[in-house]
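Breakdown of the fold
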Amino acid sequence: MAQATESEYVTLESSDGFQFVIHREAAMLSGTVKNMLSSSGQFTETTEGIIHFRDIKAVILEKVCQYWYYKARYLNSVTEIPHFDIEPEYALETLMAADFLDIFILVHEKLRV
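Here goes a summary of the coordinates provided. Quick caveat: nothing in here was measured; it's all calculated off a predicted structure.

Turning next to the side chain of serine 30. Following the sequence through the fold, serine 30 ends up in the loop between helix 1 (24–27) and helix 2 (31–37). Polar contacts involving the side chain of serine 30 include one to the main-chain amide nitrogen of valine 33, which spans 3.1 Å. In this structure, serine 30 is in contact with Trp68, Leu101, Asp102 and Ile103, ignoring residues within four places of it in sequence.

Attention shifts here to the sheet that holds strand 2 (residues 19–23). Across the sheet, which stays open at both edges, the 3 strands sit in the order 2-1-3 with mixed pairing between neighbours. The open sheet terminates on both sides in strands that have one partner only, identified here as strand 2 and strand 3 (50–52). The average undirected angle you get between the axes of adjacent strands in this sheet is 25 degrees. As paired strands, strand 1 (residues 9–13) and strand 3 are joined by 3 bridges and run parallel to one another. Bridge assignment links threonine 11 to a residue of strand 3, and that residue is isoleucine 50. Packed onto the sheet, helix 4 (residues 58–74) meets strand 1 and strand 2 and runs at close to 10 degrees relative to strand 2.

This brings us to the packing of helix 4 against helix 5 (residues 91–100). Two elements in contact, helix 4 and helix 5, have axes whose closest approach is 10 Å; the angle formed by their N-to-C orientations is 65 degrees. Between helix 4 and helix 5 lies a crossing whose hand is right-handed. Between helix 4 and helix 5, the residues in contact are Ile60, Lys63 and Val64 and Glu93, Thr94 and Ala97, respectively.

In this section: the environment of threonine 79. Inspection of the secondary structure assignment puts threonine 79 in the loop between helix 4 and strand 4 (84–85). Judged by its relative accessible area of 53%, threonine 79 falls in the exposed class. In this structure the side chain of threonine 79 is engaged in a polar contact, spanning 2.9 Å, whose partner is the side chain of serine 77.

Another aspect to go through is helix 4. Look at helix 4: 24 Å from first C-alpha to last across 17 residues, which is about the 24 Å you get at 1.5 Å a residue. Every buried residue of helix 4 is accounted for by Ala58, Ile60, Leu61, Lys63, Val64, Cys65, Tyr67, Trp68, Tyr70, Lys71 and Tyr74.

Before going further, it helps to spend a moment on the pattern of salt bridges. On inspection of all chains with the given rule, the structure shows 2 salt bridges. Notably, a salt bridge pairs glutamate 93 with lysine 57, separated by 3.2 Å at the nearest N-O pair. One end of the pair, glutamate 93, is in helix 5; the other, lysine 57, is in the loop between strand 3 and helix 4, with 36 residues separating them in the sequence. Among the ionic pairs, glutamate 87 bridges to lysine 63, the shortest N-O distance being 3.8 Å. Linking glutamate 87 in the loop between strand 4 and helix 5 with lysine 63 in helix 4, this pair joins segments that are 24 residues apart in sequence.

Cut-offs applied
- Residue numbers run consecutively from 1 along every chain, following the written order of its sequence.
- With pLDDT at 70 or above as the cut-off, local features in this predicted model cover only qualifying residues; side-chain atom pairs require 80 or more to be listed or tallied, and sums for whole chains, interfaces and linings still use all residues.
- Remark: hydrogens and water are excluded; side-chain values derive from all non-hydrogen atoms of the structure.
- Note on conventions: DSSP H or I runs of at least 4 residues are helices, E runs of at least 2 residues are strands, and numbering of each starts at the N terminus.
- Definition of a polar contact: a pair of N or O atoms within 3.5 Å, with one able to donate and the other able to accept a hydrogen when the atoms are protein atoms, and with sequence-neighbouring residues admitted only if both atoms are side-chain atoms.
- Any two residues whose heavy atoms approach within 4.5 Å are treated as being in contact.
- Two strands pair if DSSP finds at least two bridges between them.
- Orientation is described by lines fitted to C-alpha atoms, with helices fitted over the stretch in contact, and by angles between N-to-C directions that extend from 0 to 180 degrees.
- Crossing handedness is defined as follows: a turn of the near helix away from the far one that is anticlockwise and smaller than a right angle gives a left-handed crossing, while the clockwise case is right-handed.
- Residue exposure (1.4 Å probe, protein chains only): buried if accessible area is under 20% of the type maximum, exposed if over 50%, otherwise partly exposed.
- Residue count minus one, scaled by 1.5 Å, sets the expected span of a helix.
- Criterion for a salt bridge: a side-chain nitrogen of Lys or Arg within 4 Å of a carboxyl oxygen of Asp or Glu.

Put into structure tokens, the structure is as follows:
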């Protein structure tokens, strides 16, 4: 199998078994994911480009993936940044996942719960 560093994509698997294949560049906006994918050891995450999240459900991981693409799109933007909506019933779990994944929410980003 090819090294994950050669792939443009990574696979993220939720605790309930759903898989999300996203651009490596977007996933690397997470400090935690970046460390997992760029470690020098022979870890599964590094060699296969697959990360299993035992404590993050699919509905939350999907929102996290959407946020990474939102952040990548509007990073360094000088135009008006639209709101990023988070459903109130998922706000706490999404915040906990963001904390675990070391996702910094920029002050100018407009999150709406």
